[in-house]
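# Structural overview for review
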Amino acid sequence: MKHLLLLLVGLLAFASCKKEDEPMPVASARVAGTYVVSRIAYDAPGTVDDYDVTLPRSVNGVSQSGTLVAQRFNNRDDAVTIVITIKTTGEQDQNLDLQDFDLAESGRTLNLNFNGATYGTTDGNTIKLDFTENGERLVVEAKRQ
């Protein structure tokens with residue numbers, strides 16, 4: 001019985017020890033992975049083909065879904081490339097290849113920057129992109145798979 005009591009005290013002492021803080025993975029490793037696109041929106045002033053849809057969706061027998069793949073860019077710890085693929089029943093996949101986003105810490109999130117401008121944010125579980133160029137705006141939201 002005495003040995004059992006010593007064993008329990010030893011286990012309690014071991015369990016109460018503080019674990020060493022593990023170093024935070026580099027930014028590109030925190031972002032890299034496959035995400036499911038949950039929203040995509042496009043707006044071009046003066047056009048009637050604007051949209052804002054939640055994915056995946058099915059309309060009149062046509063299904064649409066999307067994935068976003070983030071990968072380390074050029075062996076850099078602070079940069080990723082992003083490829084967005086939209087799949088629509090009966091159509092060829094549409095790919096949008098976005099290269100060379102610099103990652104910058106911003107509190108609990110990372111900003112996705114290109115040429116000094118921020119085009120999105122990520123917390124490692126979601127990615128939100130928002131591009132505006134020549135009056136056209138594209139918004140993409142995705143959640144880690």
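Thresholds, definitions, all that
- Residues numbered from 1 in each chain as written.
- Predicted model: local features only at pLDDT ≥ 70, side-chain atom pairs only at ≥ 80, totals over all residues.
- Heavy atoms only, no water.
- Helix = DSSP H or I, 4+ residues; strand = E, 2+ residues; numbered from the N terminus.
- Buried < 20%, exposed > 50% of the residue type's maximum accessible area, 1.4 Å probe, protein only.
- Contact = heavy atoms within 4.5 Å.
- Areas by Shrake-Rupley, 256 points an atom, 1.4 Å probe, with all protein chains shown as cover.
- Core = buried A, V, L, I, M, F, W, Y, C linked by side-chain atoms within 4.5 Å.
- pLDDT = per-residue confidence, 0-100.
- Polar contact = N/O pair within 3.5 Å; in protein donor to acceptor, adjacent residues only side chain to side chain.

### Comments concerning the overall build of the protein chain
Looking only at helices and strands, the protein chain features two helices and 10 strands. Across the protein chain, helices and strands are ordered from the amino to the carboxyl terminus as α-α-β-β-β-β-β-β-β-β-β-β. When burial is assessed residue by residue, the protein chain has 30% of its 145 residues classed as buried. Contacts spanning at least 24 positions in sequence make up 43% of the contacts within the protein chain whose residues lie at least 6 apart. As displayed, the protein chain has an accessible area near 10000 Å², and 53% of this comes from carbon and sulfur atoms.

### Quick look at the nonpolar core
One finds Leu68, Ile82, Ile84 and Leu129 to be the most contacted residues of the largest nonpolar core, which totals 24 residues. Within the residue set of this core, elements represented by two or more residues are helix 2 (27-31), strand 1 (33-43), strand 4 (62-72), strand 5 (79-88), strand 6 (94-106), strand 7 (109-114), strand 9 (126-133) and strand 10 (136-144). With four residues, strand 5 is the largest single contributor of residues to this core. Once residues lying within four places of it in the same chain are set aside, the contact partners of Leu68 are Gly33, Thr34, Tyr35, Val37, Ile82, Val83, Ile84, Ile127, Leu129, Val140 and Ala142.

### Digging into the environment of Thr89
Mapped onto the elements, Thr89 comes out in the loop between strand 5 and strand 6. Put simply, Thr89 and Gln64 are 25 residues apart on the chain and 6.6 Å apart in space, counted from C-alpha to C-alpha. Excluding its chain neighbours within four sequence positions, the residues that come into contact with Thr89 are Gly61, Val62 and Ser63.

### With respect to the confidence of the model for the protein chain
Across the protein chain, pLDDT averages 87, with 83% of residues at or above 70. This stretch, residues 2-9, has a pLDDT under 50; its non-local contacts, to residues over four places away or in other chains, come to zero contacts.

### A closer look at the side chain of Asn113
Take Asn113: it is sitting in strand 7. Residue classification places Asn113 among the buried positions, given a relative accessible area of 14%. Side chain to side chain, Asn113 and Thr118 meet in a polar contact 2.6 Å long. Here Asn113 is in contact with Asp100, Phe101, Asp102, Ala104 and Thr118, once residues within four sequence places are set aside.

### Looking at the side chain of Ser38
On the secondary structure map, Ser38 appears in strand 1. Given the relative accessible area of 19%, Ser38 is considered buried. Those residues within four positions of Ser38 in sequence are excluded, and the remaining contacts are Val53, Thr54, Leu55, Glu141, Ala142 and Lys143.

### Some points on unusual backbone geometry
With an omega dihedral of -5°, the bond running from Leu55 to Pro56 counts as a cis peptide bond. Among the secondary structure elements, Pro56 is positioned in the loop between strand 2 (51-54) and strand 3 (57-59). The backbone of Asn60 sits at a positive phi, close to 50°, despite the residue not being glycine. Structurally, Asn60 can be placed in the loop between strand 3 and strand 4. The class of Asn60 is exposed, set by a relative accessible area of 78%. Here the phi dihedral of Asn134 falls at roughly 50°; this positive angle occurs in a residue that is not glycine. Residue placement: Asn134 occurs in the loop between strand 9 and strand 10. On the accessibility criterion, Asn134 (73% relative accessible area) is exposed.

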